[in-house]
Amino acid sequence: MEKKLNALLTPNEISEMQRRLQIFALLEEGVSQREIAKQLGVGIATVTRGSRALKELKDHE
């Protein structure tokens, strides 16, 4: 799977995916959205988007 993703995605896309997975992990640990934004150097809107996506995933489990 890793080889396929590396072939399909640019380095920037891979980096962005890693960041989004970090957001998911931190949200699941209970870290506040503002703290996540600060830790990862991203905007609060990016974290909020990740929070909504995580909630949607959980709703469909």
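Just so it is clear, the model here is predicted, and its values are computed rather than measured.

1. What about the packing of helix α2 (residues 11-28) against helix α4 (residues 44-59)?
For the pair α2 and α4, interaxial distance at closest approach is 9 Å and the crossing angle is 70°. Looking at the two axes, α2 sits roughly perpendicular to α4. When α2 is examined against α4, the residues Arg-20, Ile-23, Phe-24, Leu-27 and Glu-28 are found in contact with a partner set consisting of Thr-46, Val-47, Arg-49, Gly-50, Ser-51, Ala-53, Leu-54, Leu-57 and Lys-58. For the contact of α2 with α4, the residue count by class is seven nonpolar, three polar and four charged.

2. Some remarks on α4
In this model α4 runs 22 Å from its N-terminal to its C-terminal C-alpha over 16 residues, within 8% of the 22 Å that 1.5 Å per residue would give. For α4, the set of buried residues is Thr-46, Val-47, Gly-50 and Leu-54. All buried residues of α4 project into a common sector of 95° when viewed along the axis, lining one side. Exposed positions of α4 whose direction lies more than 90 degrees from the buried face are Arg-52, Lys-55, Glu-56 and Asp-59. Where α4 is buried, its residues touch α2 and α3 (33-40).

Analysis parameters
Residues numbered from 1 in each chain as written. Predicted model: local features only at pLDDT ≥ 70, side-chain atom pairs only at ≥ 80, totals over all residues. Heavy atoms only, no water. Axes fitted to C-alpha atoms, helices over the stretch in contact; angles between N-to-C directions. Helix = DSSP H or I, 4+ residues; strand = E, 2+ residues; numbered from the N terminus. Parallel < 35°, antiparallel > 145°, perpendicular 65-115°, else oblique. Contact = heavy atoms within 4.5 Å. Nonpolar A, V, L, I, M, F, W, Y, C, P; charged D, E, K, R; others polar. Expected span 1.5 Å × (residues − 1). Buried < 20%, exposed > 50% of the residue type's maximum accessible area, 1.4 Å probe, protein only. Arc of directions from axis to C-beta.

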